[in-house]
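The chain contents come next:
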Amino acid sequence: MPQPAGLYCSPGDFYIDPVRPVKRAVITHGHSDHARSGHGAVLATQETLDIMGLRYGESFAGSTQAARYGEKIGFGDVSLTFHPAGHVLGSAQIAVSCKETCIVASGDYKDARDPTCAPFELVPCDVFITEATFGLPVFRHGDAAAEIRKLLASVALFPERAHLVGAYSLGKAQRVIALIRQAGYDAPIYLHGAMEKITRYYETRGIPLGELRPARGMKKADLAGTITLAPPSAVSDIWTRRFPDPVTAFASGWMRVRARARQRGVELPLVISDHADWDGLTATIAATGAGEVWVTHGQEDALVHWCGTRGLAARPLDLVGYGDEEESETPAEGEEA
């Protein structure tokens, strides 16, 4: 049930993705609006624990426990299993079973193909707890590969200009790089300093990303015709002056709304999201077989209404503290490219 600290399971005495320090936390994935430091004990996948360690330091929690996908873990009368959420590396849905009831907390998820993480796994349940970041019918993300082809066409068209792609440093950046490689681009790709640590971690987990180089220290003229990945905030920053006549791109589901692209001064919007779109949300809800749906954050009202038209009991949880990570990420000190 919802508490000020987040979603709380009373029989097991733990929180899922709590927004403030608690005694026992179960974490769905490593994005900062879901994974915070200071908890007494943290249960998560190994990748999520590693990512939290990279971001917060090794002492980010009093103790940690790694869960494998499909492994059953008991907390009193409650059992937990982790299932791939398809959101980012290590992301998980948490299936909470108590007596005859199964509740699945999805965290953030997507049902689209992603070469950098395990694919979303459908988990039948009685109650499905879903996000609704893109919970409006206007949000249909389309084919990410087609958006990458758009980027590479621009690179070919403007060989004298640098292309700067704004992308969140965990998940989105690595997915964009992998998609660029799958499209046949094999030249070096450059990284803002804030991208390096987590991107190198992805490589240690066996995800091939091709030749990557730091953007810092490069001569301006040598960056003509290149692609550089950077946090969204850096793409609209003084930092871009080191690039020759840069084309600014932004990889986000929000780029479906052209006004957002114009507001940010984005020349090349790329509709690539690590969240399910409207069709993905509604198809997933229907496929779980859940008779009850709880909506955690995002465009709750439209999704709750859709559930009602399908005869499903649904309610918004009105949880505070979660949101789209891309909108707020800024490079930390010492992470300049």
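The structure displayed is predicted, hence computed values, not measured ones. (Residues numbered from 1 in each chain as written. Predicted model: local features only at pLDDT ≥ 70, side-chain atom pairs only at ≥ 80, totals over all residues. Heavy atoms only, no water.)

(A) Representation of unusual backbone geometry. Of note, the phi angle at Asp13 is positive, near 55°, even though the residue is not glycine. The residue Asp13 is located in the loop between strand E2 (6-9) and strand E3 (14-16) in this model. Here Asp13 falls in the partly exposed class, since its relative accessible area comes to 29%. (Helix = DSSP H or I, 4+ residues; strand = E, 2+ residues; numbered from the N terminus. Buried < 20%, exposed > 50% of the residue type's maximum accessible area, 1.4 Å probe, protein only.)

(B) Structural detail: the packing of helix H3 (residues 172-182) against helix H4 (residues 193-204). It is at 10 Å that the axes of H3 and H4 come closest, and there the two elements cross at 60°. As judged from the angle between their axes, H3 and H4 are oblique. Read as a crossing pair, H3 and H4 show a hand that is right-handed. Packed against H3, whose contacting residues are Ala173, Gln174 and Ile177, the element H4 presents Met195, Ile198, Thr199 and Tyr202 at the interface. Here the residues of the contact of H3 with H4 sort into five nonpolar, two polar and no charged. (Axes fitted to C-alpha atoms, helices over the stretch in contact; angles between N-to-C directions. Parallel < 35°, antiparallel > 145°, perpendicular 65-115°, else oblique. Left-handed = near helix turned anticlockwise from the far one by under 90°. Contact = heavy atoms within 4.5 Å. Nonpolar A, V, L, I, M, F, W, Y, C, P; charged D, E, K, R; others polar.)

(C) Representation of the confidence of the model for the chain within the structure. With 94% of its residues at a pLDDT of at least 70, the chain reaches an overall mean of 93. Across residues 330-334 the pLDDT falls below 50, and counting only partners more than four positions away or on other chains, this stretch makes six contacts in the model. (pLDDT = per-residue confidence, 0-100.)

(D) Molecular detail of the environment of Gly57. Among the secondary structure elements, Gly57 is positioned in the loop between helix H1 (46-56) and strand E6 (61-66). In this structure, the C-alpha to C-alpha distance between Gly57 and Ser37, residues 20 residues apart in sequence, is 9.1 Å.

(E) Fine view of the side chain of Thr288. Positionally, Thr288 belongs in helix H7 (residues 278-288). For Thr288, a relative accessible area of 4% puts it in the buried group. Separated by 2.8 Å, the side chain of Thr288 and the backbone oxygen of Ile285 make a polar contact. (Polar contact = N/O pair within 3.5 Å; in protein donor to acceptor, adjacent residues only side chain to side chain.)

(F) Just the pattern of salt bridges, in detail. Counted by the stated rule, this structure contains 15 salt bridges. One salt bridge connects Asp50 with Arg205, and the closest N-O pair in it is separated by 3.9 Å. Of this pair, Asp50 sits in helix H1 while Arg205 is found in the loop between H4 and strand E14 (212-214), placing the two residues 155 residues apart along the sequence. Through salt bridges with shared partners, a single ionic network connects Lys110, Asp114, Arg175 and Asp274. (Salt bridge = Lys/Arg side-chain N within 4 Å of Asp/Glu carboxyl O.)

(G) Layout of the sheet that holds strand E15 (residues 227-230). Ordered by their spatial adjacency, six strands build an open sheet running E14-E13-E15-E12-E16-E17, and the pairing between neighbours is parallel. Since the sheet does not close on itself, it has two edges, and those belong to E14 and strand E17 (268-270), each with one partner. Neighbour to neighbour, the strand axes of the sheet diverge by 25° on average, direction disregarded. Pairing of strand E12 (residues 163-166) with strand E16 (residues 247-251) involves four bridges; the strand directions are parallel. Within E16, the position partnered with Gly166 by the bridge is Phe250. The sheet contacts of helix H2 (residues 144-157) involve E12, E15, E16 and E17, and relative to E17 the element is tilted by about 155°. Strand contacts of H4: strand E13 (189-191), E14 and E15, with the helix running at about 150° to E14, the strand carrying the most contacts. (Pairing = 2+ DSSP bridges.)

(H) Region of the structure containing the state of the cysteines. A complete count under the given rule lists zero disulfides for this structure. Here Cys117 stays unpaired: no disulfide links it, and the sulfur of Cys125, its closest cysteine neighbor, is 20 Å away. Relative accessible area serves as the criterion here: at 12%, Cys117 is assigned to the buried category. No disulfide involves Cys307; its nearest neighbouring cysteine sulfur is the one of Cys125, lying 12 Å away. (Disulfide = S-S within 2.5 Å.)

(I) Up close: the nonpolar core. Ranked by internal contacts, the top residues of the largest apolar core, which has 36 residues, are Leu151, Val165, Ile180, Tyr202, Ile227, Leu229 and Leu270. Elements supplying a minimum of two residues to this core: H2, H3, E13, H4, E15, E16 and E17. Every residue in contact with Leu270, bar those within four places of it in the chain, is listed here: Glu147, Lys150, Leu151, Val165, Ala249, Phe250, Ala251, Ser252 and Met255. Listed in part, the 22 residues of the second largest apolar core include Val104, Val123, Val295 and Leu312. (Core = buried A, V, L, I, M, F, W, Y, C linked by side-chain atoms within 4.5 Å.)

(J) Up close: the pairing of strand E5 (residues 39-44). Judged from the three bridges that link them, strand E4 (residues 24-26) and E5 form a sheet pairing that is parallel. Within the sheet, the bridge partner assigned to Arg24 lies in E5 and is Ala41. Alignment of E5 against E6, held across five bridges, turns out to be parallel. Following the sheet pairing, Val42 is matched in E6 by Thr64. Handedness of the E5-H1-E6 crossover: right-handed. (Right-handed = clockwise from strand over helix to strand, strands pointing away.)

(K) Layout of the packing of aromatic side chains. One pass over the structure, following the stated rule, counts eight aromatic pairs. On the basis of an interplanar angle of 40° and a centroid distance of 4.6 Å, the ring pair of Tyr8 and Tyr15 is categorised as tilted. When its relative accessible area of 19% is taken as the criterion, Tyr8 is described as buried. Ring centres of Phe134 and Phe139 lie 4.9 Å apart, and the angle between their planes is 65°; this geometry places the pair in the edge-to-face category. Neither residue differs from the other here; Phe134 and Phe139 are each classed as buried. Between Arg260 and the ring centre of Trp254, over which it is positioned, the NZ or CZ distance is 4.0 Å. Arg315 extends its terminal NZ or CZ atom over the ring of Trp294, reaching a point 4.9 Å from the ring centre. (Phe/Tyr/Trp six-rings, centres within 6.5 Å; stacked < 30°, edge-to-face > 60°. Lys NZ or Arg CZ within 6 Å of the ring centre and 35° of its normal.)

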